[in-house]
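# Summary of the model geometry
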Amino acid sequence: MKAIGDTIQLGIVGLGWPGHRHAEAIAATPGARLVACADLGEQRREEFARVHRPDKVYVEYDELLADPDVDAVIVGLPNYLHFPATMSALAAGKHVLCEKPPTLHAADMRKVRARAKSDRLVYSFGRQARFDGRTVVARRLIESGRLGNIYFARALFVRSRGIPVGIGGWFLDKSKAGGGALIDLGVHAIDTAWYLMGCPKAETVSGTVFQHFGSLVPERMHYDVEDSAYGQIRFEGGAALHFEVSWAANLSDDIPSNAQGKREAHNTIVYGDAATIRLSPFGLFENTGDTVRDTRLEGAVGSNFAGQMANFVDAIRTGQDPVNSVDQAVDLMDMLEAVYRSSKSGREVVL
Ligand SMILES: NC(=O)c1ccc[n+]([C@@H]2O[C@H](COP(=O)([O-])OP(=O)(O)OC[C@H]3O[C@@H](n4cnc5c(N)ncnc54)[C@H](O)[C@@H]3O)[C@@H](O)[C@H]2O)c1
């Protein structure tokens, strides 16, 4: 492991939407500096360099990983490059924050964990929503015991018409993306609910994935991933999490429309024997005996990439696990992979 100076020097590989958000987060984090970036796309490099002004601009991610000035790397590459880029970065002695999903396969994530732990490097995965105002408030309330025993959670991330046909064709290709709606949106939905539940150990997974909206995908595009996924995860101690995710589904009119006029909802509801908490609208529903008392809660809405970056940089400095820890990345990949296995076999999967 390279000795860290006063300032932690970061590089970003992959300069799409998340690459920009991470650059803004670095700029907002005291003691962190963006020194380098890399992307194969000339336009992407130029636009990124114009806005964020890194010292060095590379093309291939490997070039950035060879730069001794870089202490830590943010991986914002397509999913199929998460594992090779993360392993190369760790081999080069860099700490890593990798976008979601952590890897395509749970077995790969175990290799990442083994390497990061043996080399005492920080690994974290991109789940900025854990740092959102509402999630932070909800987690605090749950940790304080206000919900009592948590026994169930509902994780919802549904779009009526949102198959990502516009961005890099790899999103729709199973060999490159690892999956469709589940890997893309389900990872957010499941992780937020699981995190609020306290990251219990999954014991069994029963899920089904569907593809019914191929007609919305241009014929020239390869489309072999699911456009929706539904299922349930049971945890040690008996709690369960139910998830519902879709890129495309004929959603009913209780789901509101987004700015593009397409139905979309994203929500997490966690049930405890003393109270239930819902992120959107943000509220607490407490057991008062005969009835339930409703309380509106306050918490900032929106993705907190800056909070996530501050936590990553702090973990590098202190050697403490980041909030989005390497062990949790393994558990998350185990759950996602088990949904696909369960769907394929038509059976519940025991982890
Ligand atoms: N956290 C979030 O909310 C969030 C949102 C969107 C995307 N993501 C994740 O971020 C990742 C990237 O998504 P995206 O939408 O920006 O994808 P994208 O395809 O638009 O961007 C990926 C970039 O990687 C570059 N690239 C590919 N191979 C490279 C190489 N060998 N060297 C250097 N650059 C290379 C491409 O040129 C491209 O610009 C995905 O894993 C996705 O799941 C996360």
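Since this is a predicted model, take the numbers as computed values, not measurements.

### Points about helix H9 (residues 305–318)
Between its first and last C-alpha atoms H9 spans 20 Å; for 14 residues at 1.5 Å apiece the expected length is 20 Å, and the two agree. Looking only at H9, the buried set comprises Phe305, Gln308, Met309, Asn311, Phe312, Val313, Ala315 and Ile316. For H9, the secondary structure elements touched by its buried residues are strand E1 (8–13), helix H1 (17–27), strand E2 (32–38), strand E4 (72–75), strand E5 (95–98) and strand E6 (123–125).

### Topic: the packing of aromatic side chains
All chains considered together, the criterion is met by five aromatic pairs. Aromatic pair Trp17 and Phe305: ring centres 5.7 Å apart, planes at 75°, arrangement edge-to-face. Here Trp17, found in helix H1, pairs with Phe305, found in helix H9; they are 288 residues apart in sequence, far enough to count as distant. Each residue in the set Tyr151, Phe152 and Tyr271 is aromatic and connected to the rest through ring pairs, giving one cluster. For Lys174, the ring lying beneath its charged end belongs to Tyr340, and the centroid distance is 3.7 Å. For the cation-ring pair, Lys176 lies above Tyr80, with the distance from its terminal atom to the ring centre recorded as 5.9 Å.

### Some points on the sheet that holds E2
The strand order across the open sheet built from six strands is E3-E2-E1-E4-E5-E6, with neighbouring strands paired in parallel fashion. Pairing within the sheet leaves two strands with one partner each, and these edge strands are strand E3 (56–58) and E6. Each strand of the sheet is rotated relative to its neighbour by a mean of 25°, with strand direction disregarded.

### Some thoughts on the domain arrangement of the protein
By domain assignment, the protein separates into domain 1 (8–129 + 306–320) and domain 2 (149–272 + 334–350). Distance from the C-alpha centre of domain 1 to the C-alpha centre of domain 2: 26 Å. Each partner contributes to the interface: domain 1 provides 13 residues, whereas domain 2 provides 13 residues. When domain 1 packs against domain 2, the two sides together hide about 1,200 Å² of surface, and 53% of this comes from carbon and sulfur. Linking domain 1 with domain 2 are three salt bridges, by the criterion used here.

Here is what the cut-offs are and how they apply
- Residues numbered from 1 in each chain as written.
- Predicted model: local features only at pLDDT ≥ 70, side-chain atom pairs only at ≥ 80, totals over all residues.
- Heavy atoms only, no water.
- Helix = DSSP H or I, 4+ residues; strand = E, 2+ residues; numbered from the N terminus.
- Expected span 1.5 Å × (residues − 1).
- Buried < 20%, exposed > 50% of the residue type's maximum accessible area, 1.4 Å probe, protein only.
- Contact = heavy atoms within 4.5 Å.
- Phe/Tyr/Trp six-rings, centres within 6.5 Å; stacked < 30°, edge-to-face > 60°.
- Lys NZ or Arg CZ within 6 Å of the ring centre and 35° of its normal.
- Pairing = 2+ DSSP bridges.
- Axes fitted to C-alpha atoms, helices over the stretch in contact; angles between N-to-C directions.
- Domains from an automatic or database assignment.
- Buried area = accessible area lost by both parts, 1.4 Å probe.
- Salt bridge = Lys/Arg side-chain N within 4 Å of Asp/Glu carboxyl O.

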